[in-house]
Amino acid sequence: MSRAVRVSTRNASFQQWQALLTNRTKRHRAGEFLVHGVRPITLAAEYGWEIRDLIYPDRQSLSAWARDMLDRTGARAVAMDPALVAELADKESAELIAVVGMPAPPDLPRADLVVVFDRPSTPGNIGTLIRSADAFGAAAVVVTGHAADPYDPKAVRASTGSLFALPVLQLDRPDRLLDWAAAGGVQLVGTDEHGAVDVADHDLTGPTALLIGNETSGLSAAWREAADVLVRIPITGAASSLNAATAATVILYETSRQRSRG
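Going by what an unreviewed UniProt entry lists, the protein chain is known as TrmH family RNA methyltransferase and is assigned to Paractinoplanes abujensis.

Asker: So what's going on with the nonpolar core? Residues and values would help.
Answerer: By size, the foremost hydrophobic cluster in this structure holds 51 residues, and its most contacted members are Phe-33, Leu-54, Val-141 and Phe-164. Counting the residues that make up this core, at least three belong to each of domain 1 (5-101) and domain 2 (113-260). Non-local contacts of Phe-164, meaning those with residues more than four positions away in its chain, are made with Phe-33, Val-35, Pro-40, Leu-43, Ala-44, Tyr-47, Trp-49 and Val-100.

Asker: Explain the side chain of Thr-191 to me, using residue names and the numbers behind them.
Answerer: Its location among the elements puts Thr-191 in strand β9 (residues 187-191). At 2.8 Å, the side chain of Thr-191 and the backbone oxygen of Leu-211 are in polar contact. Here Thr-191 is in contact with Leu-211, Ile-212, Gly-213, Leu-219, Leu-230, Val-231 and Ile-251, once residues within four sequence places are set aside.

Asker: Please set out the domain arrangement of the protein chain residue by residue, giving values where relevant.
Answerer: Assigned domains within the protein chain: domain 1 (5-101) and domain 2 (113-260). Put simply, the middle of domain 1 and the middle of domain 2, counted by C-alpha atoms, are 31 Å apart. On the domain 2 side, the residues contacting the 16 residues of domain 1 number 14 residues. On the domain 1 side of the interface with domain 2, the three residues burying the most area are Arg-24, Phe-33 and Trp-49, jointly 35% of the side's total. For the pair domain 1 and domain 2, the interface holds two salt bridges.

What counts, and where the lines are drawn
- Residues numbered from 1 in each chain as written.
- Predicted model: local features only at pLDDT ≥ 70, side-chain atom pairs only at ≥ 80, totals over all residues.
- Heavy atoms only, no water.
- Core = buried A, V, L, I, M, F, W, Y, C linked by side-chain atoms within 4.5 Å.
- Buried < 20%, exposed > 50% of the residue type's maximum accessible area, 1.4 Å probe, protein only.
- Domains from an automatic or database assignment.
- Contact = heavy atoms within 4.5 Å.
- Helix = DSSP H or I, 4+ residues; strand = E, 2+ residues; numbered from the N terminus.
- Polar contact = N/O pair within 3.5 Å; in protein donor to acceptor, adjacent residues only side chain to side chain.
- Buried area = accessible area lost by both parts, 1.4 Å probe.
- Salt bridge = Lys/Arg side-chain N within 4 Å of Asp/Glu carboxyl O.

The following block contains the structure:
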């Protein structure tokens, strides 16, 4: 490990990192975001993301994992006052905080399962959906329209590291994805509590883009019109609907189940 930079006050560097927690514009202008936790930082390193800085509590012993991260990532080591580290991590203790560079926007994959999240307003739901998409074999997640930021700390935390394993695209308009679907023979399966077909009764084994709507208003008119079919999840009880990320998880599981049986 190279000689560490020491930060003991709320200097300019600390203020810049602190802004990454709450200011989306500054995150994207700097092209970086904060990550903490053993699994997310490990996956960021394993999948080749640029780790620019590794911040750790000054004058505290580090685990073998933390020392290994400092040695093998090539990141700048930053020894910071423990109280300031806790402030950045939004909790009392964090062994490492990584400052990770955002990648260049990825291309849509040549693959047969993509999840589209239309105008999500809650970062935690984006992270949860990314985690489920990773778990059930999706090739990418596409966030469309005016939406929360996939690099928001709450989204990163909720993804538990899957953000680093799965391409996540952000598109303002559906045009590019519609062209990709038409060129690849990809069916567009929208989700709606009043959909015409139960999800288990629709064939999800072919090339598919699953369309998940906004948490409050559902799919936009443009996506409803573009969808080849609207499917529903049959539910009972007093609940009128499912959380958007939960609904996506159910449909991803059904997609995986059909494909494993096929």
